Amino acid sequence: DNLTMDFEERSFHGKPQSSFHKAVNIPDIVVFPRSEEEVSLIVKSCNKHKIPIVPYGGATSIEGHTLAPHGGVCIDMSQMKGIKALHIEDMDVVVEPGIGWMELNEYLEPFGLFFPLDPGPGATIGGMCATRCSGSLAVRYGTMRDNVINLKAVLANGDIVKTGSRARKSAAGYDLTRLLIGSEGTLGLITEVTLRLQKTPQYSVVAMCNFPSIKDAADVAIATMLSGIQVSRVELVDEVQVRAINIANGKTLPEVPTLLFEFIGTEAYSREQTLLVQNIVADHNGSDFVFEEEPEAKKELWKIRKEALWACFAMAPGYEAMITDVCVPLSRLAELISRSKAELDASPLVCTVIAHAGDGNFHTVILFDPSSEDHRQEADRLSKFMVLAALSMGGTCTGEHGIGTGKMKYLEEELGLEALKTMKKIKEALDPNNIMNPGKIIPPHVCL
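Residues numbered from 1 in each chain as written. Predicted model: local features only at pLDDT ≥ 70, side-chain atom pairs only at ≥ 80, totals over all residues. Heavy atoms only, no water.

**Q** Would you explain the nonpolar core in this entry?
**A** Soluble globular proteins tend to pack their nonpolar side chains together in the buried interior. Core analysis: the largest hydrophobic core is formed by 57 residues, its most contacted members being L236, L259, F261, F263, L336 and F362. Counting residues in each nonpolar core, the second largest holds 26 residues, with L104, L180, L195 and L197 among its members. (Core = buried A, V, L, I, M, F, W, Y, C linked by side-chain atoms within 4.5 Å. Buried < 20%, exposed > 50% of the residue type's maximum accessible area, 1.4 Å probe, protein only.)

**Q** Teacher, can you tell me more about the pattern of salt bridges here?
**A** According to the stated counting rule, one finds 23 salt bridges in the structure shown. Where R305 meets E235, a salt bridge forms, and the shortest distance between an N and an O atom there is 2.7 Å. Separated by 70 residues along the polypeptide, R305 in helix α11 (residues 295-306) and E235 in strand β13 (residues 231-237) bring together distant segments of the chain. Taking the relative accessible area as the measure of exposure, E235 reaches 0% and is therefore buried. Among the salt bridges present, the one from R271 reaches E267, with a minimum N-O distance of 3.0 Å. Separated by 4 residues within a single helix, R271 and E267 lie in helix α10 (residues 267-282), roughly one turn from each other. The class of R271 is partly exposed, set by a relative accessible area of 38%. Take E267: its relative accessible area is 36%, and that puts it in the partly exposed class. Residues participating in the shared-partner salt-bridge network are D238, E239, K341 and D345. (Salt bridge = Lys/Arg side-chain N within 4 Å of Asp/Glu carboxyl O. Helix = DSSP H or I, 4+ residues; strand = E, 2+ residues; numbered from the N terminus.)

**Q** Looking at this structure, I do not really get helix α2 (residues 36-49). What am I missing?
**A** Since the α-helix advances by 3.6 residues per turn, residues separated by three or four positions end up pointing in the same direction. Compared with an ideal rise of 1.5 Å per residue, which puts 14 residues at 20 Å, α2 spans 20 Å between its outermost C-alpha atoms and is within 8% of the ideal. Here α2 has its buried residues at E36, V39, S40, I42, V43, C46 and N47. On an axial view of α2, the arc spanned by its buried residues comes to 165°, and they lie on one face. Exposed residues lying more than 90 degrees from the buried face of α2 are L41, K48 and H49. Phi turns positive one or two residues past the end of α2, at K50, with a value near 55°. (Expected span 1.5 Å × (residues − 1). Arc of directions from axis to C-beta.)

**Q** Any chance you could explain the side chain of D76 here in plain terms?
**A** Checked against the element boundaries, D76 lands in strand β4 (residues 73-76). Although D76 is buried, it forms no salt bridge, and the closest oppositely charged side chain is K81 at an N-O distance of 9.2 Å. Side chain to side chain, D76 and H13 meet in a polar contact 2.7 Å long. If we ignore the near neighbours within four places in the chain, the residues touching D76 are H13, V30, V31, F32, P33 and Y56. (Lys, Arg positive; Asp, Glu negative; His and termini not counted. Polar contact = N/O pair within 3.5 Å; in protein donor to acceptor, adjacent residues only side chain to side chain. Contact = heavy atoms within 4.5 Å.)

**Q** Hey, could you run me through the pairing of strand β14 (residues 258-265) in this one?
**A** Both faces of the sheet carry side chains from a regular strand, because those side chains alternate between them. Of all 8 residues making up β14, 7 are buried, and the element is well covered by its neighbours. As defined by bridge partners, strand β12 (residues 203-210) adjoins β14 across 8 bridges and the pair is classed as antiparallel. Within β14, the residue paired with C209 across the bridge is L259. Pairing of β13 with β14, which is carried by 6 bridges, proceeds in the antiparallel orientation. By the bridge assignment, V231 is partnered in β14 with F263. (Pairing = 2+ DSSP bridges.)

**Q** I would appreciate a short explanation of the sheet that holds strand β5 (residues 83-87) in the present structure.
**A** Overall, antiparallel pairing links the 5 strands, which are arranged β5-β6-β10-β8-β9 in an open sheet. Every interior strand has two partners, whereas the edge strands, β5 and β9 (160-162), have only one. Strand after strand, the sheet turns through a mean of 10° between neighbouring axes, direction not considered. Packed onto the sheet, α2 meets β8 (148-154), β9 and β10 (189-196) and runs at close to 45° relative to β8. Each of β5, β6 (92-95) and β10 touches helix α3 (residues 101-108); the most contacted strand, β5, lies at about 45° to it. (Axes fitted to C-alpha atoms, helices over the stretch in contact; angles between N-to-C directions.)

**Q** Looking at this structure, I do not really get empty space enclosed by the protein. What am I missing?
**A** A probe matching the size of a water molecule, rolled over the atoms, marks out where space remains unfilled. Under the counting rule described, the total for this entry stands at 1 cavity of 30 Å³ or more. Considering only enclosed or pocket space, the largest cavity measures out at about 40 Å³ in volume. Lining the largest cavity are M208, N210, V242, L253, P254, T258 and I304. The residue makeup of the lining of the largest cavity, split by class, is 5 nonpolar, 2 polar and no charged. (1 Å grid on protein atoms, 1.4 Å probe; cavity = no way out; pocket = protein on both sides within 12 Å on 5 of 7 lines; lining within 4 Å. Points joined across faces, edges and corners; volume = space filled by probe spheres on them. Nonpolar A, V, L, I, M, F, W, Y, C, P; charged D, E, K, R; others polar.)

**Q** Can you walk me through helix α1 (residues 7-14) in this structure?
**A** All of the buried residues along α1 are R10, S11, H13 and G14. Buried residues in α1, looked at end-on, bunch into an arc of 165°, giving them a common side. Among the structural elements, β1 (3-4), β2 (29-31), β3 (53-56) and β4 are those in contact with the buried residues of α1.

**Q** Explain the sheet that holds β2 here, please?
**A** The strands making up a sheet associate through hydrogen bonds between their backbones, and the pairing can be parallel or antiparallel. The strand order across the open sheet built from 4 strands is β1-β2-β4-β3, with neighbouring strands paired in mixed fashion. With partners counted over all chains shown, the strands left at the sheet margins are β1 and β3, one partner each. Note: β1 against β2, 2 bridges, orientation antiparallel. Opposite T4, over in β2, you have V30 as the bridge partner. Along the sheet, α2 contacts β2, β3 and β4; its crossing angle with β4, the most-contacted strand, is approximately 165°.

**Q** I keep staring at a nonpolar patch on the surface and nothing clicks. Help me out?
**A** Judged by side-chain polarity, Y174, L176, L179 and I426 come together as a nonpolar surface patch covering roughly 390 Å² of accessible area. Its location among the elements puts Y174 in the loop between β9 and α7 (176-180). You can call Y174 exposed: its relative accessible area is 78%. (Patch = residues over 30% accessible without salt bridge, like charges linked within 9 Å, V, L, I, M, F, W, Y side chains within 5 Å. Areas by Shrake-Rupley, 256 points an atom, 1.4 Å probe, with all protein chains shown as cover.)

What follows is the structure in structure tokens.
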């Protein structure tokens, strides 16, 4: 009962659930290990027979990370979702990779603790490590690399390696933890993670305000960060995204660029920060500044951002979404969004802008007809425009979605050939038979 060769199950695992990338193949078999030892045995056998391995978590990744272009064995980690240890006084927790961040936070809530990263619903801790994800709270708490203390992984030869101790800081040896975070299953399969936790905020305020232009909204996000105000979230949505929310939820929100903030701390501190930001908003053509302190009202306000992706589909039923993200130094965010927005608005496709504006990371959702090659090519063109614009400003082709197969073509321009050759050397040293999620991250033209 822990493996299957059923065609429908293999097809489900081989075709991305949240990604527009096409599957050219599917796994030959799907296995569901229940322990680290089982993972080790599976990997050891695959290495012996040079069979490709594709790790599988919550299937929420965007850039084709779980595609199986060479077939092989799909290792579904969903049965390994235990919580091994909670250290309340140390504010850390040891978990297996299959547990979701939302499930983990439900478990932690009675202890007054939480794990601060919040990517898409359904994401698992193992996948979040593999893609070096973040979310709306990254502006306050950092990304996955900042919130993992250590981890355990099975290497390509079946060896099990632990990357560090539970100490909050260490200068002992190479930083293997951060080598594996973001490696997308190409160097090893993560089997255990020790996470840094945070105290549940004593009080919070959620605020929302409107702007005449996307640049005004981005300028306020930048000014807020430069002021030293410790916001926990700064999220931007454009007027097209607000229209989608209105259509999907029967709301009547003003269809203009909108910023949402969250402030946390003591009651007095949260209110003080809210009033400071209200003044910044007023200085940048902002209007309709409202804030909420009651739990239900805050939740309702925040739903505007949390349900953004699903709201988009209400605008174009039957269409698919190409979702891409880029990130630039904060000072260039307004320029990047303005340039990209002009290109998106001129396109015949429906495109929305959603940004983690506090750290320079913005996304676009491009809706296209999957049966139209012209639509697909136009979506590709828009994504490429955004990426090249971000790279020209000293940015990156992906702030949090990862590389997978979709962003490989931009890596050489961003990092340079020597950096890619260094990655290739690491890959060949740890995985000489190239069985670990082959065809991801490192472009095929990179040779040593």
